[in-house]
Amino acid sequence: MQRYAGRGRPFGGLRLRTYAAACAAIAVAGISLSPVAGSAAEQSSTRRDIEPRVTNGLPAVAGDFPWYVALLFTSGSDFFQRQFCGGTVVAPKVVVTAAHCVDDLREVDVLYGTDLLDGSGTLVRSSSITVHPAWDPLASRNDIAVVKLSRSIPTAGVTLAGHDNEGSWEPGDRAKVVGFGCNNVNAGGSCLSYPHDLWRASLPLRSDSTCNGVFGGVFDPQTMLCAGTASPVGATAPDTCQGDSGGPLTTTGPGGAPILVGVVSWGYGCSVLPGVYARVATYEPWLAQFGLGDAGGGYWLAASDGGIFSFGDADFHGSTGGVPLVDPVVAMAPTPTRRGYWLAASDGGIFSFGDARFHGSTGGVSLVAPIVDMSPSPGGGGYWLAASDGGIFAFGDAEFHGSAARIALRMPIVTLASTAGGQGYWLAAADGGIFSFGDAQFFGSTGGIVLDQPVVDMAPTSDGRGYWLCAADGGVFAFGSARYHGSTGGMTLDRPIVDFTPTPTGGGYWLTARDGGVFAFGDAGYHGSTGGMVLDQPIVAAAAS
Ligand code: 4AZ
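Summary of the structure given here. (Residues numbered from 1 in each chain as written. Predicted model: local features only at pLDDT ≥ 70, side-chain atom pairs only at ≥ 80, totals over all residues. Heavy atoms only, no water.)

1. So, the overall build of the protein chain
Right, on to step 1. Helix and strand counts for the protein chain come out as seven helices and 34 strands.
Right, on to step 2. Relative to its 545 residues, the protein chain shows a buried fraction of 55%.
Right, on to step 3. Put simply, the protein chain shows about 20,900 Å² of open surface, and 53% of that area lies on carbon and sulfur atoms. (Helix = DSSP H or I, 4+ residues; strand = E, 2+ residues; numbered from the N terminus. Buried < 20%, exposed > 50% of the residue type's maximum accessible area, 1.4 Å probe, protein only. Areas by Shrake-Rupley, 256 points an atom, 1.4 Å probe, with all protein chains shown as cover.)

2. Observations concerning the nonpolar core
Right, on to step 1. In this structure, Val96, Val110, Leu249 and Leu287 are the most contacted members of the largest nonpolar core, which totals 83 residues.
Right, on to step 2. Among the nonpolar cores identified, the runner-up in size contains 13 residues, and Ala331, Trp342, Met374 and Tyr383 belong to it. (Core = buried A, V, L, I, M, F, W, Y, C linked by side-chain atoms within 4.5 Å.)

3. Section: the pairing of strand β32 (residues 508-513)
Right, on to step 1. Counted residue by residue, β32 has six buried out of six residues, so it is predominantly covered.
Right, on to step 2. In β32, alternate side chains face the same way, and those of Gly508, Trp510 and Thr512 on one face and Tyr509, Leu511 and Ala513 on the other are all buried.
Right, on to step 3. Linking strand β31 (residues 497-502) back to β32 in an antiparallel pair, the connection comprises five residues, with glycine 506 at a positive phi of about 80 degrees.
Right, on to step 4. When β32 meets strand β33 (residues 518-522), the two strands line up antiparallel, connected through five bridges. Paired with leucine 511 across the two strands is phenylalanine 519, which belongs to β33.
Right, on to step 5. From the end of β32 to the start of β33, which pair antiparallel, there are four residues, and glycine 516 there has a positive phi angle of about 85 degrees. (Pairing = 2+ DSSP bridges.)

4. Looking at the state of the cysteines
Right, on to step 1. Overall, the coordinates contain four disulfides when judged by the stated rule.
Right, on to step 2. Covalently, cysteine 85 is tied to cysteine 101 through a disulfide, its sulfur atoms 2.1 Å apart. Taking the sign of the S-S torsion, -80 degrees for the link of cysteine 85 and cysteine 101, the bridge is left-handed. In this pair, cysteine 85 is assigned in strand β3 (residues 83-91) and cysteine 101 in helix α5 (residues 99-102), connecting sequence segments 16 residues apart.
Right, on to step 3. Judged by relative accessible area, which is 0%, cysteine 85 ranks as buried.
Right, on to step 4. For cysteine 101, a relative accessible area of 1% puts it in the buried group.
Right, on to step 5. For cysteine 211, the disulfide goes to cysteine 226, at an S-S distance of 2.1 Å. Handedness here is read from the sign of the S-S torsion; for cysteine 211 and cysteine 226, about -95 degrees, the answer is left-handed. (Disulfide = S-S within 2.5 Å.)

5. Quick word on the packing of aromatic side chains
Right, on to step 1. In this structure the tally under the stated criterion is 20 aromatic pairs.
Right, on to step 2. When the ring of tryptophan 300 is compared with that of tyrosine 341, the centres are 5.5 Å apart and the planes differ by 70 degrees; the resulting orientation is edge-to-face. Taken together, the residues span a long stretch of sequence, with tryptophan 300 in strand β17 (residues 298-303) and tyrosine 341 in strand β20 (residues 340-345) at a distance of 41 residues.
Right, on to step 3. Classification of tryptophan 300 as buried rests on a relative accessible area of 0%.
Right, on to step 4. Residue classification places tyrosine 341 among the buried residues on the basis of a relative accessible area of 0%.
Right, on to step 5. Between tryptophan 426 and tyrosine 467 the ring centres are 5.7 Å apart and the planes differ by 70 degrees, which places this aromatic pair in the edge-to-face class. You can see tryptophan 426 sitting in strand β26 (residues 424-429) and its partner tyrosine 467 sitting in strand β29 (residues 466-471), a full 41 residues away along the chain. Considered together, tryptophan 426 and tyrosine 467 belong to a single accessibility category, that of buried residues. (Phe/Tyr/Trp six-rings, centres within 6.5 Å; stacked < 30°, edge-to-face > 60°.)

6. Structural notes on the sheet that holds β17
Across a sheet, strands are paired by hydrogen bonds formed along the backbone, either parallel or antiparallel in direction.
Right, on to step 1. The antiparallel open sheet is built from three strands, whose spatial order is β18-β17-β34. The open sheet has two edge strands with one neighbour each: β18 (308-312) and β34 (539-544). On average, each strand axis in the sheet is tilted by 20 degrees relative to the strand beside it, whichever way the strands run.
Right, on to step 2. With five bridges connecting them, β17 and β18 associate as antiparallel partners. Of the residues in β18, the one forming a bridge with leucine 301 is phenylalanine 309. (Axes fitted to C-alpha atoms, helices over the stretch in contact; angles between N-to-C directions.)

7. Examining the pattern of salt bridges
Right, on to step 1. Summed over all chains, the structure comprises seven salt bridges.
Right, on to step 2. For aspartate 109, the salt bridge is made with arginine 82, and the minimal N-O distance between the two is 2.8 Å. Of the two residues, aspartate 109 sits in strand β5 (residues 109-112) while arginine 82 sits in helix α4 (residues 79-82), which places them 27 residues apart along the sequence. Each member of the pair, aspartate 109 together with arginine 82, is buried.
Right, on to step 3. Across the pair arginine 141 and aspartate 220 runs a salt bridge whose closest N-O atoms are separated by 3.6 Å. Of this pair, arginine 141 sits in the loop between β6 (122-131) and β7 (145-149) while aspartate 220 sits in the loop between α6 (208-215) and β13 (224-227), and the two are 79 residues apart along the sequence.
Right, on to step 4. For arginine 141, a relative accessible area of 31% gives the class partly exposed.
Right, on to step 5. What you see here is one network of salt bridges that share partners, running through Arg82, Glu107, Asp109 and Arg125. (Salt bridge = Lys/Arg side-chain N within 4 Å of Asp/Glu carboxyl O.)

8. Regarding α6
Right, on to step 1. Among all positions in α6, only Cys211, Val214 and Phe215 are buried. The arc that holds every buried residue of α6, seen down its axis, measures 75 degrees, which confines them to one face. Turned more than 90 degrees from where α6 packs its buried face, Ser209 and Gly213 sit exposed.
Right, on to step 2. Looking at the residues trailing α6, positive phi occurs at glycine 216, about 65 degrees. (Arc of directions from axis to C-beta.)

9. Focus: the pairing of strand β22 (residues 371-376)
Right, on to step 1. In terms of residue burial, β22 counts as a mostly covered element, since five of its six residues are buried.
Right, on to step 2. Relative to strand β23 (residues 382-387), β22 runs antiparallel, the two sharing five bridges. Residue pairing in the sheet places aspartate 373 in a bridge with alanine 386 of β23.
Right, on to step 3. A loop of five residues connects β22 with β23, the two strands running antiparallel in sequence, and glycine 380 in this loop sits at a positive phi of about 80 degrees.

10. With respect to the environment of tryptophan 342
Right, on to step 1. Checked against the element boundaries, tryptophan 342 lands in strand β20.
Right, on to step 2. Classification of tryptophan 342 as buried rests on a relative accessible area of 0%.
Right, on to step 3. Along the primary structure tryptophan 342 and aspartate 355 are separated by 13 residues, whereas in three dimensions their C-alpha atoms are 9.5 Å apart.

11. Description of the sheet that holds β20
Right, on to step 1. Strand order across the open sheet formed by three strands is β19-β20-β21, with antiparallel pairing between neighbours. The open sheet terminates on both sides in strands that have one partner only, identified here as β19 (329-334) and β21 (350-354). Taking each pair of neighbouring strands and ignoring which way they run, the sheet shows an average axis angle of 20 degrees.
Right, on to step 2. Across five bridges, the pairing between β19 and β20 is antiparallel. Across the sheet, the residue bridging to alanine 333 is tryptophan 342, located in β20.

Structure (structure tokens):
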């Protein structure tokens, strides 16, 4: 509860309830400990001055927790002031947090893609908040809630503990916690200061009988688990603290993938007794309703006359379908909000729809080689166009990082993809050769392999540590961190594949054929296709909504 006094608006009720439960627990257990409040002078100490204490943890390594999000109030002076809880991405548009974080809020902003509360990262507004129907604020039972998002977070979600893996941990095993919560407490467990950077710690998971012994009847093994170490003198044990609520407690599954076993819920102060977590495995049936398995909610298909076909949750924002075009549309790209898109024609003409802005085009320029692809910059404030000779045209805030225009190419360039930060891009040639510019790294290519069919598309993974190449027969080649989820390589296709689009998680992808047939692999949901329709013009591009 000191969370709100230390940062953000004064706000009593929610924390007081949590704290009341904790105090009741202590009374039941018969321990008497009185937290000491930190003074204003103590709160102003910088991190360098204090003992590294999540509390008594360590700063997180940048990018190690891409699925960690901070919950922010929708208004406030800056991200540091607005942050009040944590959460875990479990599907592109689904965040799990604590009920006590959001039970009196109608909407929140979710911050992802940063380890700093310095204004970096990306905000997504919630589209709905669902608190567990049996949330009991007095007993702190069923302290779990789901925040659904208005658009996807481009990272692989954490696996939820459930009946498949609940047995995967034993008391004494270690679990990780991470958060922007208090990282400095006094000997009584009261918060002295909050960090601007993400902190982490490793904690031992405790048996139900140990937790019962510590907290008495207030510990409910059905809905809670506890982790951490009792250190009544000195408050030196690693622990979660105010501001970490709603955040993850994870174990490590096969292959190193994180499993969400707990949600930071309550405790007696910080670093004094083990912390208490909502027991995620209990909520497997309840969480199933949020559609966790289906990563991609929809997609657009674009035809060469600029006709747009929307499927699933993809909204239609307009098309050039009715306008006679001199040159065919060759590429389409959605804006970061997915509330608009650009179409690019082979002469470099650009058509903007919805919230997509026009930043310039090569429409009036006579080109040596036709435009074959486009890629927006990360914020949508610009875009790159790539020509078949490897020429690159940068518009708006998209920076030029080099081109393949002066390289003698064996095969033409067919596609362009920028890195997540926009500080580089890859070009792929029809023989699968890859050219990397700026901070785009090379992870391998099919350049040396003789392919049955030419490469038609490529897409990077969301972590930027790999990419897929896709050939006209639907053969998929995965490099670096990109995973293979299947292909149409062995199938006889009516029409060649023209587009490869990964889901936001990278756990699957769609292959789209020239007749608009859509093939979904991995966690990509099938939402329909133009496969059965008679099209005036072929499909040339697709994009995930
Ligand atoms: C809180 O108020 C809180 N030491 C979270 C975790 C713990 C205590 C308090 C556990 O957000």
